[in-house]
Each structure stands twice: as C-alpha cells, then as structure tokens.
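Survey of secondary and tertiary structure
Chain by chain, the residues:
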Amino acid sequence: MADIGGRIRSLRMRLDRSEPGFAALLGVEPELVAAWEAGERIDRDALILIAGATDTEMEWLIAGLTPAEVESFHAAARADRRRSRRPDQAVRDDGLVRPRLIMADEPPPPSIAAAWDVQPESGAPAARRRPSALLLDLPGATLVAGRRAAAYRVRPASGLEQVQLKLVLQGRHRFEGPRGRCTIGRGGALFTSSADAGLAAYAPAGRYVSVFLPAASLATRAPRFAARLMTPIAAGSPPLRLIGAYVSSLMLSEDGLDPETARSLAEHFVDLCAILLGAEGDDRALAEARGLRAAQRTAAAQAIEAGATTPGFSAAALALSLGVTEGQLHELFLETGEGFWDRVDARRLDIARARLVDPEFDPMTVAELAFACGFSSLGEFTRLFTARFGVDPADFRRRR
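Keep in mind the model is a prediction, meaning the values are calculated, not measured. (Residues numbered from 1 in each chain as written. Predicted model: local features only at pLDDT ≥ 70, side-chain atom pairs only at ≥ 80, totals over all residues. Heavy atoms only, no water.)

**A short note on the overall build of the protein**
- Check the secondary structure of the protein and you find 17 helices and 11 strands.
- When burial is assessed residue by residue, the protein has 45% of its 400 residues classed as buried.
- Taking contacts inside the protein between residues at least 6 apart in sequence as the whole, the part at least 24 apart equals 71%.
- With an accessible surface of roughly 19300 Å², the protein has 52% of that area assigned to carbon and sulfur atoms. (Helix = DSSP H or I, 4+ residues; strand = E, 2+ residues; numbered from the N terminus. Buried < 20%, exposed > 50% of the residue type's maximum accessible area, 1.4 Å probe, protein only. Contact = heavy atoms within 4.5 Å. Areas by Shrake-Rupley, 256 points an atom, 1.4 Å probe, with all protein chains shown as cover.)

**Details of the sheet that holds strand S8 (residues 180-184)**
- Strands sit in the order S2-S5-S10-S7-S8 across an open sheet of 5 strands; the sheet is antiparallel. Only two strands of the sheet have a single neighbouring strand rather than two, namely strand S2 (116-120) and S8. Strand-to-strand twist of the sheet, defined as the mean angle between neighbouring strand axes without regard to direction, takes the value 20°. (Pairing = 2+ DSSP bridges. Axes fitted to C-alpha atoms, helices over the stretch in contact; angles between N-to-C directions.)

**Overview of the pairing of strand S7 (residues 173-177)**
- Here S7 pairs with S8 via 5 bridges, running antiparallel. When the bridges of S8 are listed, Glu176 appears paired with Arg181.
- Linkage of S7 to S8, two consecutive antiparallel strands, is achieved through a turn of 2 residues.
- Direction of pairing for S7 relative to strand S10 (residues 198-202): antiparallel, over a ladder of 4 bridges. Its bridge partner being in S10, His173 is matched across the sheet by Tyr202.

**Describing the pattern of salt bridges**
- By the definition in use, this model includes 16 salt bridges.
- For the salt bridge of Arg221 with Glu267, the shortest nitrogen-to-oxygen distance reads 2.4 Å. Residue Arg221 is located in the loop between helix H8 (215-219) and helix H9 (238-252), and its partner Glu267 is located in helix H10 (residues 259-276); the two are separated by 46 residues in the primary sequence.
- Given the relative accessible area of 32%, Glu267 is considered partly exposed.
- In this structure, the salt-bridge partner of Arg347 is Glu305, at a minimum N-O distance of 3.6 Å. Of this pair, Arg347 sits in helix H14 (residues 340-356) while Glu305 sits in helix H11 (residues 281-307), and the two are 42 residues apart along the sequence.
- Given a relative accessible area of 17%, Arg347 falls into the buried group. (Salt bridge = Lys/Arg side-chain N within 4 Å of Asp/Glu carboxyl O.)

**Some details on the confidence of the model for the protein**
- Of the residues in the protein, 88% reach a pLDDT of 70 or more, and the chain-wide mean stands at 83.
- Taken together, the stretch residues 80-91 has pLDDT below 50 and engages in 11 contacts with residues farther than four places along the chain or on a different chain.
- A low-confidence stretch, residues 127-131 stays under pLDDT 50, and its non-local contacts, those more than four residues away or across chains, total 12 contacts. (pLDDT = per-residue confidence, 0-100.)

**A short note on the packing of helix H13 (residues 326-334) against H14**
- Two numbers describe how H13 lies on H14: the axes approach to 8 Å, and their chain directions differ by 75°. By the angle class used here, H13 and H14 are roughly perpendicular. Of the residues in H14, those in contact with Leu329, His330 and Phe333 of H13 are Phe340, Trp341 and Arg343.
- Tallied by class, the residues present in the contact of H13 with H14 amount to 4 nonpolar, 1 polar and 1 charged. (Parallel < 35°, antiparallel > 145°, perpendicular 65-115°, else oblique. Nonpolar A, V, L, I, M, F, W, Y, C, P; charged D, E, K, R; others polar.)

**Let's talk about H10**
- End to end, H10 covers 26 Å across 18 residues, agreeing with the expected 26 Å (1.5 Å per residue, within 8%).
- The complete set of buried residues in H10 reads Ala262, Leu265, Ala266, His268, Phe269, Val270, Asp271, Leu272, Cys273, Ala274, Ile275 and Leu276.
- Phi for Gly278, located one or two positions after H10, is positive at around 95°. (Expected span 1.5 Å × (residues − 1).)

**Considering the packing of aromatic side chains**
- In the structure shown here, the tally under the stated rule is 9 aromatic pairs.
- Centroid distance Tyr202 to Tyr208: 5.2 Å. Interplanar angle 40°. Geometry classified as tilted. Here Tyr202 matches Tyr208 in class, with each residue buried.
- Geometrically, the ring pair formed by Phe340 and Trp341 is edge-to-face, given 4.9 Å between the ring centres and 75° between the ring planes.
- Grouping aromatic residues by their ring pairs yields a cluster made of Phe375, Phe381, Phe385, Phe389 and Phe396.
- Just above the ring of Trp60 sits the side chain of Arg14; from NZ or CZ to the centre is 5.3 Å. (Phe/Tyr/Trp six-rings, centres within 6.5 Å; stacked < 30°, edge-to-face > 60°. Lys NZ or Arg CZ within 6 Å of the ring centre and 35° of its normal.)

**Re the nonpolar core**
- With 62 residues, the main nonpolar core has Leu138, Val211, Phe269 and Leu329 as its most contacted residues.
- Among the elements that line this core, the one with the most residues is H10, at 10 residues.
- Those residues in contact with Leu138 that lie beyond four places of it in its chain are Val97, Leu143, Leu257, Ala262, Leu265, Ala266 and Phe269.
- Counting residues in hydrophobic clusters, the runner-up holds 38 residues, among them Ile42, Trp60, Cys373 and Phe396. (Core = buried A, V, L, I, M, F, W, Y, C linked by side-chain atoms within 4.5 Å.)

**Notes on the environment of Gly339**
- Here Gly339 lies in the loop between H13 and H14.
- Here Gly339 falls in the buried class, since its relative accessible area comes to 16%.
- In this structure the C-alpha to C-alpha distance between Gly339 and Leu329, which are 10 residues apart in sequence, comes to 9.9 Å.
- Not counting the four nearest positions on each side in its chain, Gly339 is found in contact with Phe333 and Leu334.

Have a look at this one:
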C-alpha cells in the first residue's frame, strides 16, 4: 500500500494542502490522512472519496496509470468482449434460438415479411452488402437491433397484423402514414401497425431497436392499443429503458435459448409493450409482475456485467437507474436464488482472475488489482478469490 500512500501524499502536495487542510476537504480526521499516506487503513471507499473530491482518476490512485494507459486497458477489454460475444452467423442445428447478423441488402425475414411489405424509397441509395443489424426470432416476437436504410416504404402484406415498436438509440426517426407524421429523437419511441402504409426514414448514422409483435397478442392485454399508435413515447420511460437493455442483453448472448425460454421471453416483450400501450387493471398488474420484473432483472445483470468494477458502483445507484428501490433490486435476484452482491462479487472475481494472468497488468500489485476490480480491501479479495478458485490470488499469479 506504500505506493498508493505516496500517490495520495503527492496529490495533497500538488493541491498545496496541509494534512489538516486535505482532511477538511475530504471531511475526515487529519489522523486518517496521515495513515493513508503511510500506506495504512486504505480501502476502496477511501480511494473513491479521494478521487471524487479531488477530480482524480481512480486508476492513477490505485496503480499510477496515466489516462492513456487506462484507455489502452479499456480498449483491450472492449475488444475482448466483442470477440467473445460476436453472434455466430452459422446456423447451428441444436434446436436453440440465437441472434444472427442480417445484411443491409437482405430482404426482411419471413416473420416480418409476412405482415410488412418493405421497399426502399425511390431515389434512396442502394443498400450495400454489409452487416446492418442483429435479428432474434422468438416464437411470438421478432427483435431487431442495428441500423436502417435511410428511407423505405412499408405497406400491409398478406399476413396477420403486427405492431412494431421503434426505439431510437441514436439519431432521429421519422414516420409518415395515414395516422399522421411523427418524428422521434434519441431515447424516444413510437408504435406503428403493419395495417398502415407509410414512409419511414432514419438518420444515416442512426441506431435503433425494433420489436415486432402480433397485434392480437397486444389486444388481449391492452384492448385500446390502437389509440396509442403514432403517439411519441418520451425518452426516460422505465419500460422503454428496460426494453432497450433487454434487447441488448439478448443480442449479446451466444449460448442460445431453448424453445420454452424463447417463448417466455416473447411474452415478456408483449407485457412490456402492453404497459406502454395502456394496459389497465389486472392486465397491467400481470404485465408488471411478469414482464417488467424480468426486464429489470436482465437490465440489472447487464449493468453488473458492464460496470461492477467501476468506481462508485453501488446497489443504490443501480436501483435508481432502474426506477426501483434498493430493497426491490435485492428481491429481483433473490427470486432466482442468488444474492445481488453474490452476482457482483462473482463478476469482479472473474475480471480479477483474467487480469492476474494478463501480462498487461503485471505492473499492478495484487492489492492494486483488488481495488481496481472493486473490492474494498486486499483481505476481502483474498478470502473470496481463494474460496471460489481454491488458490490464493498471489499464488495463482505465480503459477500462470
């Protein structure tokens, strides 16, 4: 801890503060500052406090890393995640449902084409042969995430009516049809029906999520859903945020879904869309108990996957982002037989294990790695790591 203590002292000196002055800035006793600078009583909470109060990078406090070095680590981690999670384009004959890439010039899949006749707008640039979106066909719901052609026309096809939720993640989307004209921006959404012809256009650099559902499924839970078509949904709606996180999580999955799970997930999307389309009474209560909680749990798990090691990660902050109380967040995980912090610790341990054998992280001590991965102390990290992997983290690093 001496190196961390030295960096805390150098930070104090750079700010031209005495030990009492630095302690006053942080709201702690001067004796605690002296202990930190001696390499004692340092834990992650202390580092978060110092970093936040002095606008200092946690990675520098923990390991002396420069912003450029931090970014290189993050870039490598992002590249690893992309390589490990890229959906397989090959069709696997194992009966499982997986996302697949679709190309910009590829016609819509049968699940969409049965209800929607989609044609490029006259004069629009020809689509190039490149990956354009990820598609996941569930029994009773089709999910699409990616980019769209600049403009296209839709007309009713011969199949049963479908309703499409269009959620804009980046850019803007415009739709013109018999019910009027509507433009939605980042974070907003819109429901349209395959029974209506119209012109749709996305910004050239736009990104989106689309959920296609049978109109009949929605009608049983939100009987007056048609009145909400072509009505913009403002960014920030909790069900809308959850749909975006839910789709993103499913698109990253490469394990595949068994048919029963796939059907259950399709029902969750019907529930979430029914809430947005005005489900009432018992229908709304059922939709919230089933689809909303499943989506909240998935969004929470995704947030843990992406941010368990980030400074300031907490149950309170995550609960606030999901629109639930901290107690409700813990209940979401207990329903599956797993505690919230058990999931967080497991994710942090997996990251720490990978870093202990990665030469990129050799300059960091085991204690520095423990703090960087979100653990409050070296003792806590050592205990949890040994319990899970059967070996002390320092020994594990030596044996690589």
